[in-house]
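Breakdown of the fold
In case you want the letters, here they are:
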Amino acid sequence: MRALGVLAVLALILWLLGQIRLGCRAEYGREGLRLWVRLGALRILVFPLKRRPKQRKRKEKKEKGAPGPEPPEEPPFLSQAGGALAYARGLLPVALEAAGQLGRRLRVDTLRLELTAGAPDPGDAALIYGQACAVLGTLWEPLTAAFDVKDGYAGVKIEFEAEGMTLRAAAALSIKMGQLVRLGVYFGIRGLKAVLAVRRERKLKRQHRKAA
């Protein structure tokens, strides 16, 4: 009975861990692009990264023209690749199916698109506003059709002080840890099988060439 209780507690812990959502959030505006990764309620800024003082000094030295070691010459691409094309052909179907499965399980927690249209002349502003609405429609409809959007907003506003169109966008994607682990294990095994099959095929070809 005690063993069953321990197994039940472990199963509950694993289930709770599997419900934690992993994801990322991206925001784009006048300040540029910002990107965070998410683990549950924790968010970590990954772009832009803050430069350390040492990294800044190294960059300043490079900009001043300080001589540095020349990078080693890389061998031609074909000699590096070897049987890369064979592996690519074997792994491509697995990668495409994995991307499709991942896309169906991804949830768009937030999707916000805001276009600002403007021009000093009211007639030009109206024309740009119509263009902005058309652009927003072409962006919004495919995105909402392809993904499960939990919190979505799209809008166009006019600012007569602005010139042309500017975009502000924010998107947050997430997936449950359990779903990600299951997909990783399933497609990882399939990918490994594909790699081993290609290796066997290449080994047989080498043996035939030697025999000939």
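Every value quoted in this text rests on a predicted model; they were computed, and no experiment measured them. Within any chain, residue numbers begin from 1 and follow the written order of that chain's sequence. Given that the model is predicted, a residue must reach a pLDDT of at least 70 before its local features are reported, and side-chain atom pairs must reach 80 or more before they are shown or counted; all residues, however, enter totals for whole chains, interfaces and linings. Derived side-chain values reflect all non-hydrogen atoms in the structure, with water molecules and hydrogen atoms excluded from consideration.

Concerning the overall build of the protein
Only DSSP runs of H or I with at least four residues qualify as helices, and only runs of E with at least two residues qualify as strands; both kinds are numbered from the N terminus onward. Looking only at helices and strands, the protein has six helices and six strands in total. Listing every helix and strand of the protein by position from the N terminus yields α-β-β-β-α-α-α-β-α-β-β-α. Residue burial in the protein is summarised as follows: out of 212 residues, 17% are buried. Pairs at least 24 residues apart make up 72% of the contacts formed inside the protein by residues separated by at least 6 positions. Computed with a 1.4 Å probe, the accessible areas rest on the Shrake-Rupley method; for each residue, only the protein chains presented here act as cover. When the accessible area of the protein is evaluated, it comes to approximately 16,300 Å², of which 62% is carbon and sulfur surface. Only protein chains enter the accessibility calculation, which uses a 1.4 Å probe; a residue whose area is less than 20% of its type maximum is buried, one above 50% is exposed, and one in between is partly exposed. The contact definition used throughout considers only heavy atoms, calling two residues in contact when any of these lie within 4.5 Å.

Some points on the packing of aromatic side chains
Two rings belonging to Phe, Tyr or Trp (six-membered ring only in the last case) form a pair when the distance between their centres is within 6.5 Å. Interplanar angles under 30 degrees mark stacking, angles over 60 mark edge-to-face geometry, and anything in between is tilted. Considering all chains together, one arrives at one aromatic pair under this definition. Plain terms: the ring middles of Tyr186 and Phe187 are 4.8 Å apart, the flat faces sit at 80 degrees to each other, and that makes the pair edge-to-face. Given the relative accessible area of 44%, Tyr186 is considered partly exposed.

Things to note about the sheet that holds strand E5 (residues 148-158)
Strands pair, by our definition, only if DSSP identifies at least two bridges between them. Here we have six strands laid out as an open sheet, ordered E3-E2-E1-E6-E4-E5, and mixed in their pairing. The sheet is open, and its two borders are formed by strand E3 (42-47) and E5, each paired with just one other strand. Taking each pair of neighbouring strands and ignoring which way they run, the sheet shows an average axis angle of 15 degrees. In terms of strand pairing, strand E1 (residues 21-29) meets strand E2 (residues 32-39) through eight bridges, oriented antiparallel. For Glu27, the partnering residue across the bridge sits in E2 and is Arg34. Each of E1, E2 and strand E6 (164-176) touches helix H6 (residues 177-211); the most contacted strand, E6, lies at about 75 degrees to it. The angle between two axes is taken between their N-to-C directions and runs from 0 to 180 degrees, where each axis is a line fitted to C-alpha atoms and a helix contributes only its stretch in contact.

Concerning the pattern of salt bridges
Opposite charge on two side chains permits them to pair, given that their charged atoms come into close proximity. When a carboxyl oxygen of Asp or Glu is within 4 Å of a side-chain nitrogen of Lys or Arg, the pair counts as a salt bridge. Per the counting criterion, the structure on display carries six salt bridges. Two residues, Arg190 and Glu97, come together in a salt bridge whose shortest N-O distance is 2.6 Å. Placement of Arg190 in helix H6 and of Glu97 in helix H4 (residues 84-105) is noted, with a sequence separation of 93 residues between them. For Arg190, a relative accessible area of 28% translates into the label partly exposed. When its relative accessible area of 32% is taken as the criterion, Glu97 is described as partly exposed. Across the pair Lys157 and Glu114 runs a salt bridge whose closest N-O atoms are separated by 3.7 Å. Here Lys157, found in strand E5, pairs with Glu114, found in strand E4 (residues 107-118); they are 43 residues apart in sequence, far enough to count as distant.

Quick look at the confidence of the model for the protein
pLDDT gives the predictor's per-residue confidence on a scale running from 0 to 100. Confidence in the prediction for the protein averages 77 pLDDT; 81% of positions are at 70 or higher. Within the model, pLDDT remains below 50 along residues 74-82, and this stretch shows two contacts once partners closer than five positions in the same chain are excluded.

Brief notes about the side chain of Arg25
Tracing the backbone shows Arg25 in strand E1. Polar contact is defined as a pair of N or O atoms within 3.5 Å, subject to the rule that within protein one atom must be able to donate a hydrogen and the other to accept it, and that residues adjacent in sequence are counted only when both atoms are side-chain atoms. At a separation of 2.9 Å, a polar atom in the side chain of Arg25 contacts the side chain of Glu27. Setting aside chain neighbours within four positions, we find Arg25 in contact with Arg34, Leu35, Trp36, Arg43, Thr110, Ala170, Ala171 and Ala172.

Structural notes on the nonpolar core
Ranked by size, the top nonpolar core spans nine residues in total: Leu113, Leu115, Ala117, Ala119, Ala125, Ile128, Ala132, Leu136 and Ala169. In terms of residues, this core owes the most to one element, helix H5 (residues 122-146), which gives four residues. In this view, Leu115 contacts Ala132, Val135, Leu136, Gly155, Val156, Lys157, Thr166 and Leu167; residues no more than four positions away in its chain are not counted. Working definition of a nonpolar core: buried Ala, Val, Leu, Ile, Met, Phe, Trp, Tyr and Cys residues. They are joined through side-chain atoms within 4.5 Å.

Remarks on a positive patch on the surface
Taken together, the side chains of Arg202, Lys203, Arg206, Arg209 and Lys210 present a region of like positive charge at the surface. Position of Lys210 relative to the elements: it lies in helix H6. Only residues whose relative accessible area exceeds 30% and that form no salt bridge are eligible for patches; like-charged ones are grouped when within 9 Å, while nonpolar side chains (Val, Leu, Ile, Met, Phe, Trp, Tyr) are grouped when within 5 Å. As used throughout, the charge tally considers Lys and Arg to be positive and Asp and Glu to be negative, leaving His and the chain termini uncounted. To locate a charge, take atom NZ for lysine, CZ for arginine, CG for aspartate or CD for glutamate.

Description of the pairing of E5
Summarising the sheet, E4 and E5 pair through 10 bridges and their orientation is parallel. Looking at the pairing, Arg112 lines up with Tyr153 of E5. Classification remark: right-handed applies to a crossover when, strands pointing away from the viewer, the course from the first strand over the helix to the second runs clockwise. With respect to chirality, the unit in which E4 leads through H5 into the neighbouring parallel E5 is right-handed.

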